[in-house]
Amino acid sequence: MTKEKYKTLLVSLFVISLFCFSVVNAKVVEELPLFGKIIFVDAGHGGRDPGTMYGKIMEKDINLEISQKLQDTLMEKGAIVYMTRDSDEDLSSEWDPKKKRGDLYRRIVMFRKKQADLYLSIHINWHAQAGIKGPEVLYNNINKENKYLGEILMDHFESSLNTKRVLKTTDLYMYRNTTVPGVLIECGYLSNYQERQLLQSDTYQQKLADIITDATIDFFQTRHQKITNENES
Ligand SMILES: [Zn+2]
């Protein structure tokens with residue numbers, strides 16, 4: 001083989017491999033839109049802390065069931081998912097003078113240690129007025145992206161579940177001290193008869209997990225555009 005032919009062969013091989021790489025890459029983006037993203041799913045409460053209750057129905061149990069479904073759906077889309085808890089336990093240590101604060105502090109440390117791209121806290125709500133229902137999202141401004149993430153989640157809840165709730169801010173300890181992007185998702189009201197039934201059903205829990213996953217994909221696909229627009233305006 002002449003030097004010239006050898007050179008042509010090398011260039012051709014290089015072009016073919018570039019093409020193959022871009023085809024595979026496009027396939028990964030299409031089928032695994034959360035590929036490589038590190039996401040923490042944070043099932044609220046646990047162990048000694050039941051959260052809100054209705055008779056024997058405890059928020060901590062429903063939080064965990066939804067979180068486990070969310071873990072699976074996020075992983076199916078390529079995300080690396082960590083759970084703050086995957087059983088009925090709280091995260092405080094026997095040395096913590098304030099158990100609740102200790103539990104929340106350890107959740108914050110977990111997000112930081114894994115250098116998470118995102119955290120999603122899963123909770124269930126309660127209101128004295130039994131007629132109030134629907135998922136809602138709360139965010140703290142500590143990270144500039146939190147509001148945008150909250151807006152996307154609320155849009156998805158509105159179009160899929162017709163929630164009448166609105167995006168709110170929160171100043172709760174965990175959210176004002178967590179610097180990675182993330183929000184608190186109140187999946188519905190245990191105080192509302194209809195929603196109480198739904199929140200305990202596998203089908204509805206899966207629906208919530210699917211909606212949150214779709215919104216998460218939406219967030220990662222549009223966040224840069226959002227930042228660019230903000231910088232230009
Ligand atoms: Zn809660």
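Residues numbered from 1 in each chain as written. Predicted model: local features only at pLDDT ≥ 70, side-chain atom pairs only at ≥ 80, totals over all residues.

Caption draft 1: Up close: the overall build of the protein. If you tally the helices and strands in the protein, you get 7 helices and 8 strands. Principal-axis analysis of the C-alpha atoms gives the protein an extent of 85 × 45 × 40 Å. Across the 233 residues in the protein, those meeting the buried criterion constitute 36%. Considering only contacts in the protein between residues 6 or more positions apart, those separated by 24 or more positions represent 78%. (Helix = DSSP H or I, 4+ residues; strand = E, 2+ residues; numbered from the N terminus. Buried ≥ 20, exposed ≤ 12 C-beta atoms within 10 Å, placed from the backbone. Contact = placed C-beta atoms within 7 Å.)

Caption draft 2: How the structure looks around the pairing of strand 8 (residues 182–189). With respect to burial, strand 8 is a largely interior element, 8 of its 8 residues being buried. As defined by bridge partners, strand 5 (residues 118–125) adjoins strand 8 across 6 bridges and the pair is classed as parallel. In the sheet register, tyrosine 119 faces strand 8, and the bridge partner there is glycine 182. Summarising the sheet, strand 6 (residues 136–139) and strand 8 pair through 3 bridges and their orientation is antiparallel. Note that in strand 8 the partner of glutamate 136 across the bridge is glutamate 186. (Pairing = 2+ DSSP bridges.)

Caption draft 3: Fine view of the environment of tyrosine 82. With respect to the helices and strands, tyrosine 82 occurs in strand 4 (residues 80–83). Overall, the presence of 18 C-beta atoms within 10 Å leaves tyrosine 82 in the partly exposed class. Between the alpha carbons of tyrosine 82 and threonine 222 there is a distance of 23 Å; along the sequence they are 140 residues apart. For tyrosine 82, the residues in contact, after removing those within four places along its chain, are Phe40 and Lys114.

Caption draft 4: Looking closely at the environment of valine 11. Along the chain, valine 11 turns up in helix 1 (residues 3–31). Considered as a pair, valine 11 and proline 50 are 39 residues apart in the sequence and their alpha carbons are 64 Å apart.

Caption draft 5: Geometry of the pairing of strand 6. Both faces of strand 6 are covered, namely the face carrying Glu136 and Leu138 and the face carrying Val137 and Tyr139. Pairing geometry for strand 6 and strand 7 (residues 168–169), over 2 bridges, is parallel. Note on strand 7: the bridge partner recorded for leucine 138 is lysine 168. For the segment spanning strand 6, helix 4 (residues 146–161) and strand 7, crossover handedness is right-handed. (Right-handed = clockwise from strand over helix to strand, strands pointing away.)

Caption draft 6: Seen up close, unusual backbone geometry. In this structure, glutamine 115 takes a positive phi of about 50 degrees despite not being glycine. You can see glutamine 115 is positioned in the loop between helix 3 (99–113) and strand 5. Among the residues examined, glutamine 115 registers 8 C-beta atoms within 10 Å and is labelled exposed. Within the chain, asparagine 162 stands out as a residue other than glycine whose phi angle is a positive 55 degrees.

Caption draft 7: Spatial organisation of helix 4. For helix 4, built from 16 residues, the straight-helix expectation of 22 Å at 1.5 Å per residue is met to within 8% by its first-to-last C-alpha distance of 22 Å. Listed in full, the buried residues belonging to helix 4 are Asn146, Leu149, Gly150, Ile152, Leu153, Met154, His156, Phe157 and Leu161. Of the residues one or two after helix 4, asparagine 162 is the one with positive phi, at around 55 degrees. (Expected span 1.5 Å × (residues − 1).)

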